[in-house]
Amino acid sequence: MNNEYDVIIIGGGITGAGTARDCALRGLRVLLVERGDIADGATGRNHGLLHSGARYAVKDGESARECIAENRILRRIAPHCVEDTQGLFITLPEDEEAGYGLDYQQRFIQACRDAGISAEAMDPREAVRLEPSVNPRLIGAVKVPDGSVDPFKLCAANILDARLHGADILTYAEVQSLILEGSAVRGIRVRKRRSGETAEYRARVTVNAAGIWGQAIVRMAGAQISMFPAKGALLVFAHRVNHVVINRCRKSADGDILVPGDTVTVIGTTSTKIPFEDCDDLNVTPDEVALLLREGSQLCPTLASTRILRAYAGVRPLVAADNDPSGRNISRGIVCLDHATRDGIESFVTITGGKLMTYRLMAQMATDAVCDKLGVSEPCTTHTALLPPTVDNAFTAGTPDGELVCECENVTMGQIRSAIRNFDIHSLADLRRRTRVGMGTCQGTYCVRKAAAALAEAQGSPADARPLAEEYLGERWKGMMPVGWGDTLREMEFMQRVFKAGAPSTFK
Amino acid sequence: MQKRNISPNNFEQCVKCAICTDFCPVLKVLPSYPGPKHGGPDGERLRLKNALFFDSNLKYCLNCKRCEVACPSGVRIADIIHSARDRYGEDRPSLRDWMLANTDTMGTLASPFAPVVNGALGLGVTKSVLDGVMKIDHRRTFPKYAGRKFTTWFRREAEAAQAGYKKQVSYFHGCYVNYNYPQLGKDFVRVMNALGYGVRLLDKEKCCGVAMMSGGMFDAARRNAAVNLASVGAAASEGRLTLTTSSTCTLTMREEYPGVLGIDNEAVRDDIVLAVRFIFEAVERGEVQLAFKEGFRARAAYHVPCHMEKLGWSLFTRALMERIPGMELVPLESICCGIAGTYGFKKENYERSQRIGQPLFDNIAQVRPDFVVCECETCKWQIEMSTGVEVRNPISVLAEALDLEATAALNHQ
Amino acid sequence: MKFDVIIIGSGQAGMQVAAALQRSGRKTAVIGLGRSINEVEVKPYEQLGGTLLIGDSVTGGIFDGDRLQAVRTANLGAYPLEADDFVIATGKFLGRGLVADMDGIYEPLFGLDVDYDPDRSHWFDADFGACQPFLRFGVRTDAQSRPSVGGRTVTNLYACGELLAGVSAVEGRDAIAGSAARVIGQLKPSDHAEA
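Residues numbered from 1 in each chain as written. Chains lettered and ligands numbered in written order. Predicted model: local features only at pLDDT ≥ 70, side-chain atom pairs only at ≥ 80, totals over all residues. Heavy atoms only, no water.

Draft legend 1. Geometry of the domain arrangement of chain A. Residue and element names in this part refer to chain A. For chain A, the assigned domains read domain 1 (4-43 + 152-226 + 320-374), domain 2 (82-148 + 228-314) and domain 3 (400-507). Measuring from the centre of the C-alpha atoms in domain 1 to the corresponding centre in domain 3 gives 32 Å. Contacts between the two partners involve 12 residues from domain 1 and, on the opposite side, 10 residues from domain 3. Of the roughly 960 Å² buried where domain 1 meets domain 3, counting both sides, 52% is carbon and sulfur surface. Three residues stand out in domain 1 for area buried against domain 3, namely Asp37, Phe152 and Arg194, and they jointly supply 44% of the buried area on that side. On inspection of domain 1 and its partner domain 3, the count reaches three salt bridges. (Domains from an automatic or database assignment. Contact = heavy atoms within 4.5 Å. Buried area = accessible area lost by both parts, 1.4 Å probe. Salt bridge = Lys/Arg side-chain N within 4 Å of Asp/Glu carboxyl O.)

Draft legend 2. Spatial organisation of the packing of aromatic side chains. Tallied over the full model, the rule gives 22 aromatic pairs over all chains. Their ring planes at 85 degrees and their centres at 6.1 Å tell us that Trp477 of chain A and Phe124 of chain C sit as a pair that is edge-to-face. On the criterion of chain membership, the pair formed by Trp477 of chain A in helix α15 (residues 465-480) and Phe124 of chain C in the loop between β9 (114-115) and β10 (138-139) is interchain, its members lying in two chains. Ring geometry for Tyr171 of chain B and Phe188 of chain B: centres 4.0 Å apart, planes at 20 degrees, overall stacked. Of this pair, Tyr171 of chain B sits in strand β1 (residues 167-172) while Phe188 of chain B sits in helix α12 (residues 182-194), and the two are 17 residues apart along the sequence. Per residue, the accessibility class of Tyr171 of chain B equals that of Phe188 of chain B, and both read buried. Among the aromatic side chains, those forming a connected cluster through ring pairs are Trp477 of chain A together with Phe93, Tyr116, Trp123, Phe124, Phe128, Phe134 and Phe137 of chain C. Sitting above the plane of the Phe423 of chain A ring, Arg434 of chain A keeps its charged end 5.3 Å from the centroid. (Phe/Tyr/Trp six-rings, centres within 6.5 Å; stacked < 30°, edge-to-face > 60°. Helix = DSSP H or I, 4+ residues; strand = E, 2+ residues; numbered from the N terminus. Buried < 20%, exposed > 50% of the residue type's maximum accessible area, 1.4 Å probe, protein only. Lys NZ or Arg CZ within 6 Å of the ring centre and 35° of its normal.)

Draft legend 3. Expanded view of the pairing of strand β12 (residues 198-208) of chain A. Residues and elements named next belong to chain A. Pairing analysis gives six bridges linking strand β1 (residues 4-10) to β12, with the strands arranged parallel. Its bridge partner lying in β12, Glu4 is registered against Arg202. Pairing of strand β11 (residues 184-192) with β12, which is carried by five bridges, proceeds in the antiparallel orientation. Residue pairing across strands places Arg189 opposite Glu200, the latter belonging to β12. Here β11 hands over to β12 after five residues, with Gly196 in that stretch at a positive phi of 80 degrees. Sheet topology places β12 next to strand β20 (residues 348-353); three bridges connect them, and they run parallel. Each bridged residue has a counterpart across the sheet, and for Val207 the counterpart in β20 is Val349. (Pairing = 2+ DSSP bridges.)

Draft legend 4. Up close: the interface of chain A and chain B. With 36 residues of chain A at the contact, the number on the chain B side is 27 residues. Viewed at the interface, chain B and chain A are joined by three salt bridges. Between Asp262 of chain A and Lys49 of chain B there is a salt bridge, and its shortest N-O distance comes to 2.7 Å. Across the chain A-chain B interface, the total number found is 14 residue pairs in polar contact (both at pLDDT 80 or more). Mapped by element, the contributors of at least two residues to the side of chain A that touches chain B are α9 (286-299), β18 (308-319) and α16 (486-500) of chain A. Ranked by the residues each element gives to the side of chain A that touches chain B, the list is headed by α16 of chain A, at five residues. (Polar contact = N/O pair within 3.5 Å; in protein donor to acceptor, adjacent residues only side chain to side chain.)

Draft legend 5. Quick peek at the interface of chain C and chain B. Across the contact, 23 residues belong to chain C and 29 residues belong to chain B. Between chain C and chain B, the buried area comes to about 2,200 Å², and carbon and sulfur atoms account for 55% of it. It is Met1, Arg35 and Tyr79 of chain C that lose the most area in chain C upon contact with chain B, and together they represent 25% of the buried surface on that side. Counting across the chain C and chain B interface gives one salt bridge. In this structure, the salt-bridge partner of Lys43 of chain C is Glu333 of chain B, at a minimum N-O distance of 3.6 Å. Tallied by class, residues from the side of chain C that touches chain B come to 11 nonpolar, five polar and seven charged. (Nonpolar A, V, L, I, M, F, W, Y, C, P; charged D, E, K, R; others polar.)

Draft legend 6. Region of interest: the domain arrangement of chain B. Residue and element names in this part refer to chain B. By domain assignment, chain B separates into domain 1 (10-88) and domain 2 (298-401). The C-alpha centroid of domain 2 is placed 25 Å from the C-alpha centroid of domain 1. Counting residues at the interface gives 14 residues for domain 1, matched by 17 residues for domain 2. Buried surface at the junction of domain 1 and domain 2, both sides included, amounts to about 1,200 Å², of which 64% is carbon and sulfur. Of all residues in domain 1, Val29, Leu62 and Arg66 give up the largest surface area on contact with domain 2, accounting jointly for 48% of the area buried on that side. Between domain 1 and domain 2 we count one salt bridge in total. A salt bridge links Lys310 to Glu68, with the nearest nitrogen and oxygen atoms 3.1 Å apart. The tally of links from domain 1 across to domain 2 stands at four residue pairs in polar contact (both at pLDDT 80 or more). Looking at the side of domain 1 that touches domain 2, the elements that each hand over two or more residues are α2 (25-29) and α4 (66-70).

Draft legend 7. Structural detail: the sheet that holds strand β3 (residues 242-244) of chain B. Residues and elements named next belong to chain B. The strand order across the open sheet built from four strands is β2-β1-β3-β4, with neighbouring strands paired in parallel fashion. Edge positions in the sheet fall to β2 (197-201) and β4 (272-274), since each has one partner strand and no second. Neighbouring strand axes in the sheet, compared pairwise and without regard to direction, differ in orientation by 40 degrees on average. Two strands pair when backbone bridges link them, and β3 and β4 are joined in this way by three bridges, in the parallel orientation. When the sheet's bridge partners are listed, Thr242 is paired in β4 with Ile272. Across the sheet, α12 is in contact with β1, β2 and β3; its angle to β2 comes to roughly 145 degrees. Packing against the sheet, helix α15 (residues 247-259) makes contact with β1, β3 and β4, and its axis sits at approximately 155 degrees to β4. (Axes fitted to C-alpha atoms, helices over the stretch in contact; angles between N-to-C directions.)

Draft legend 8. Representation of the confidence of the model for chain B. When pLDDT is averaged along chain B, the result is 87, and 84% of the positions lie at 70 or above. Note on residues 122-130 of chain B: pLDDT under 50 across the span, and 12 contacts to partners over four residues away in sequence or across chains. (pLDDT = per-residue confidence, 0-100.)

Okay, here's the thing in structure tokens:
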């Protein structure tokens, strides 16, 4: 790794990963720095909804059009990260009372069609046949091309492809300051969190793709941006309750999207403004849990008795318009700032706002801005270039690599070793984001020892297995606490027992 | 909301303690078998994500239900595995599965020619054909077909007298009694008559369906279930309980009809009772009296069949046997004998079946009983074939130990 | 069927009580929902002639005033199992001795009085390694190890093991053994030594 690049991208979330990939595909020498692991901020803390755009159609046609365009692109370039579940927007009798009845449904359908989103009204009985778990009291349903997307895999695939095209990826490196020369940003000073070393990297352009933490990066450049952290809480149910995304056909509100993703179902979300200092330590409150469950049971009544694995929250990086620093009129659209024109700061671009769905478009906009500054005319190809697989999956049962480690999520030793080879893995949480190890019903109780032993061995320090395991369970514990009753509480007792009172022989 | 937290998805109650894997007899002898945890609750969750997670190795499940008995979370593991085979299993049942599963049809075809068939089933050539063509293991001793079906005997020799009893029960004899071992049925009728009960057959009786489920023929099993439940219901409406002598038929009709086949049997479930339990309860309530033969002496070993473990009723058999003067009952270790109905008949399962049962055979050899007491007919085949020790149903033991005339006199006052 | 003592729970505490009482000549039965996660040996108890009902669960009790006369189980249906005395050692949440829902914690078999903090946010310590408050919740008993329903002591029911408030396997097995020994002392006062 030399210290001179065409472009440095700050932030290893989906926006940074996408930007790194786009820049690399256009032939730039790229460095991406991330203070933690890739995808461990807002990227990995959302629904994983592959929006059709229908949700925005009535209020914000432009966002809706962006969504459906990106929806089609992602299905094409990342089939392994996307699942075509389809989506339903349902109308309940109480929606009608609140002014969102079937006449609203008609408006909704029209708005979808105007945005180019296929939207087809369904007979309620037909909707129940399509998705048996849906609230049978529904009085109307519209089918739209929603889906689900694995944000961890999508982000990792972008990272991997960027690296395949020459990008350097530096995780666990926190930006301490920007290298400022005159009115220009010339690079970054980082502190490597594992070793404590500091280092300088220089580039012709620096891109700030640090999400909510991007406000601080802008400040390092001597400018201001008004961001508002909005916490969104979500609950993970222990299995796939529904097979089709279920939304409410009304004005967006808390807890009105239910997404089947991989082995689970996720309900979300809430929206609460929080202070910046809370962004690194998000807690889900009992009120948020109660609200999500109440609303979730409206979409799908069996949720009221379904086991909940955990609760989690992410922070939306909401950006106030420059003419409205109070944030009264916040857009959820994409914000791409060229700080040369905005603040007179050269070689510095901020890409923020937006959403998981539009990450590729955001990356394209940021990369276009970078290329513009560098005088590069290479066109964007990310709407057609396929993303690579992230972890090797083909392992045969009966071989050492075929040995199952995580039985809940069917993760093999081979997948774990492949993830360790492909990515910079320091903790079991990193490994979880690459393989789903320990994400299942027992939240790692059963497999954490095996996974920790494999990781510790790969790191050459077998004695670290136990601290790695405990660190992981500590992280899982936090997510289980807000939903600690019923079988989840039983699991928590078991987890405590396995690690404090000795494991049953099947675990040794 | 989240009150009582009872999920209709029973598999969610699994906390992944993996105790079930310790009690799975198949996993001990077949390492490639996914095991109850991974094939059951783990697998169910994965199969909800994608049906491709169905593992065809689940066909090696014995359905012994020892995982369910061991589970501290009340997960119906074996039912989950069986239902998955029903929903996702693509294996079409082979001719062999059909022949073993349709015990009714096999029995009906074979019975009139019993001496010939029995001879043929004992012959090397036929066995080789079964082995090669049907893949039924040639080392297996086939249950003999009786010369006269139980129902034929009953209609000709016993039925007329039954109306003379004030109290009446119905009898679900099962395929085994009807075709292979009518003596047990006869013993049952003699004992019940001595206790003052007349015995009636059901309006219509079909195989309980356990062998069909094991062979993957779930729809055929559903058809049989409907017939049996209707018959049990009809008997109940006339005030008759349906008694059984087979623990497996009993478990199937009471637990698997709803658990695996998805048939609601709530209305008649408790009308299906094993005869040993019924008799013990009647004796305990003082409704019937038992008079035993003088000088009965036996040292018996009690093998609790897997399905009896699951029913949780072995205490009734034990208590009833212990009432017999001169009876020494030695409990055997609670292990699967390995046959699991028709499972052990299949060529690919024979070796495994014998290895699963070996500790039990060793235990019997060590106890050296006069006979083994057991409520299950397939355990009987397996244990008799593998140890040479005779196996008796507790009802037959009772028939032998009771002074039937004296008992009848006590109960006819 | 009538026993001297019926023990509900086949974990460490339940089996300890059952084996000691059976050994001392009492006729006992153990009802256990599955095998114990603590891998408790049941064979010695069976060899003593004890009645082990594994894979069964108590569905309710038949009371005569403050006395428990009999219990019913899932497998035996309407058939009651009677005893002079009963022991409950069903464990904490994992063993289903206690059940927690969103709004509270209860003892599911008889509705025994439970000590716990009604504020769910106090059930846990965010530090996984710390002593977890919920593991100290449990059934409250009098000096003779007898629990109560609505403040009224059940006169012939004794509780031990992790079901008790303040006793948890996570903090060591000694407290479990000690609570079982106290119950044995209550039911077999003549012979303390075998505890």
